[in-house]
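Listed below are the residues making up each chain.
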Amino acid sequence: MTIAATQPLQLDYVRQQFPALAGDWVFFDNAGGSQILKPVVDRMGDYLFTSNVQLGASYGVSQLAGDRVLQARETVATLMNAADSTEVVMGGSTSLLLRLLSLCLSRLWSPGDEVIVTNTDHEANISPWMDWTRQGIQVKIWQVNPETLNLHLEDLEPLLTARTRLVALTHTSNILGTINPIRPIADLVHNYGALVCVDGVGYAAHRLVDVQALDVDFYAYSFYKTYGPHYAVLYGKREHWQTIPGINHYFIGETEIPYKFQPGNVNYELSYGMLGLQDYLYELARLHYGEMLAPDQRGQLQQAFRLISAHEEVLSDRLLCYLNSQPRVRIIGSPESDRIQRVPTISFVLDGVDSATIPPQLDPHHIAIRYGDFYAKRLIQDLDLTQQNGVVRVSMVHYNTVAEVDRLIDCLEPIF
């Protein structure tokens, strides 16, 4: 049974944890990169000031550093609900990690094998797979329905064959904001003996990731879009990591997981910084649930994200209600604020207006929004929005306020 928080999200507390919010800017470009938590920076600083040495030595500081890096991996595994921390590979960015996965995984494929990608994804989860057409791999595209702007299972199934090796898709489009039904998709794909690779960058800042419940084979997202440093994680089922060839030095054994996929090892301080996110989410749950705080860590994370999603739905509703009332505005994605269906990444176009002309009009008001294709160029092309310079995107997260949304609306009013 779901237990309700004793109070709504306490925004004063939340915003105090993000020092950048003390200024005059309203940050509505969060899908491009969120502001960083002070507890994350505190953890990074603590690592650098007290344990900034190489791992694996016998002396005490090196032992402390090793323990902290392992603790970081275990923390990220908990955030994703990985079955084992060795299923977690960390690296510079989601784009880099998915490229690495493609290089390693494709060594097990043969000409004539097939991969399916979508036209809604960030290019990070398309081009690494598309590139293998040069080696005889066939790539098929699962097209978004142009009327519903959803990916439908009935459009995927005809693409699946006995030669399908992988289906790559996004959990949440960074333009549409739509939450895709990953578990039913994974079930269908697995019935054909293929693997599922999910880009979770647009999802992980808004909802708690559960790779076991989703039954995905691979799942990646970026920490710098989830209140952390410019770093990323790639989850893979242990059974896959054991059989996929590594990319590290020749003397790094194939059983050394995840090290065989981490040339040069992880960035120690950036990894350790992610304990600060866990610290913050725990405090968020404790503050709001009090004596009803869940007894286990995953339960506490669920409580924190329940607060986050409820507040974000309020933000979405405020902006979407306004945009829906404007006859010249076309929302690119669901016009509804239902948190089950979408996150507060909201894109729109204004009839007859170049999208590139809108954000600069908000810059003097210190409201940060953006226009363009956001590296989902194929979607913008297929929606015939290239000549309009893509969409205008307002991407909110839980530290944003209704007052900030109203400030945005006031500035959009004379433009519309």
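Preceding this paragraph is the structure being described.
Read on for a plain summary of the structure.

## Here's the deal with the packing of helix 3 (residues 60-80) against helix 12 (residues 297-324)
Between helix 3 and helix 12, the shortest axis-to-axis distance is 9 Å and the interhelical angle comes to 60°. Our classification of the angle between helix 3 and helix 12 gives oblique. The two elements helix 3 and helix 12 meet at a crossing, and its hand is right-handed. Along the contact surface, helix 3 presents Thr78, Leu79 and Met80, while helix 12 presents Gln297, Arg298 and Leu301. Grouping the constituent residues of the contact of helix 3 with helix 12 by class yields 3 nonpolar, 2 polar and 1 charged.

## Description of the side chain of Ser271
Structurally, the position occupied by Ser271 is in helix 10 (residues 268-273). Residue class for Ser271 comes out buried when judged on its relative accessible area of 0%. Apart from the residues within four sequence positions on either side, Ser271 is in contact with Ala72, Met90, Tyr231 and Val266.

## Section: the nonpolar core
In terms of nonpolar packing, the biggest core is built from 85 residues, with Tyr219 and Tyr221 touching the most fellow members. Excluding its chain neighbours within four sequence positions, the residues that come into contact with Tyr219 are Met80, His171, Val198, Gly200, Tyr203, Val209, Val211, Leu214, Val233, Leu234 and Tyr235. In terms of nonpolar packing, the next biggest core, distinct from the first, is built from 29 residues, Leu101, Met130, Ile257 and Phe261 among them.

## With respect to the sheet that holds strand 8 (residues 232-236)
Overall, mixed pairing links the 7 strands, which are arranged 2-8-7-6-5-3-4 in an open sheet. On the outer flanks of this sheet lie strand 2 (88-91) and strand 4 (138-142), each paired with one strand and no other. On average, each strand axis in the sheet is tilted by 15° relative to the strand beside it, whichever way the strands run. Relative to strand 6 (residues 195-199), helix 7 (residues 182-191) is tilted by about 155°, and along the sheet it contacts strand 4, strand 5 (164-170) and strand 6.

## Description of helix 11 (residues 275-289)
Taking 1.5 Å per residue as the helical rise, helix 11 with its 15 residues ought to reach 21 Å, and the 21 Å between its terminal C-alpha atoms agrees with that figure. Among all positions in helix 11, only Leu275, Gly276, Leu277, Gln278, Tyr280, Leu281, Leu284, Ala285, His288 and Tyr289 are buried. In this structure, the buried side of helix 11 is in contact with helix 1 (11-16), helix 2 (38-50), helix 3, helix 10 and helix 12. Looking at the residues trailing helix 11, positive phi occurs at Gly290, about 55°.

## A closer look at the pattern of salt bridges
One pass over the structure, following the stated rule, counts 22 salt bridges. The salt bridge involving Asp42 is made with Lys38; its shortest N-O contact spans 3.0 Å. One end of the pair, Asp42, and the other, Lys38, are both in helix 2, 4 residues apart, so they sit about a helical turn from each other. With a shortest N-O distance of 3.2 Å, Asp113 and Arg165 are connected by a salt bridge. Highlighted residues: Asp113 in the loop between helix 4 (94-105) and strand 3 (114-118) and Arg165 in strand 5, separated in sequence by 52 residues. Since its relative accessible area comes to 27%, Arg165 is described here as partly exposed. Among the ionic contacts, a cluster of salt bridges with common partners joins Asp29, Arg370 and Arg393.

Rules used throughout
- Residues numbered from 1 in each chain as written.
- Predicted model: local features only at pLDDT ≥ 70, side-chain atom pairs only at ≥ 80, totals over all residues.
- Heavy atoms only, no water.
- Axes fitted to C-alpha atoms, helices over the stretch in contact; angles between N-to-C directions.
- Helix = DSSP H or I, 4+ residues; strand = E, 2+ residues; numbered from the N terminus.
- Parallel < 35°, antiparallel > 145°, perpendicular 65-115°, else oblique.
- Left-handed = near helix turned anticlockwise from the far one by under 90°.
- Contact = heavy atoms within 4.5 Å.
- Nonpolar A, V, L, I, M, F, W, Y, C, P; charged D, E, K, R; others polar.
- Buried < 20%, exposed > 50% of the residue type's maximum accessible area, 1.4 Å probe, protein only.
- Core = buried A, V, L, I, M, F, W, Y, C linked by side-chain atoms within 4.5 Å.
- Pairing = 2+ DSSP bridges.
- Expected span 1.5 Å × (residues − 1).
- Salt bridge = Lys/Arg side-chain N within 4 Å of Asp/Glu carboxyl O.

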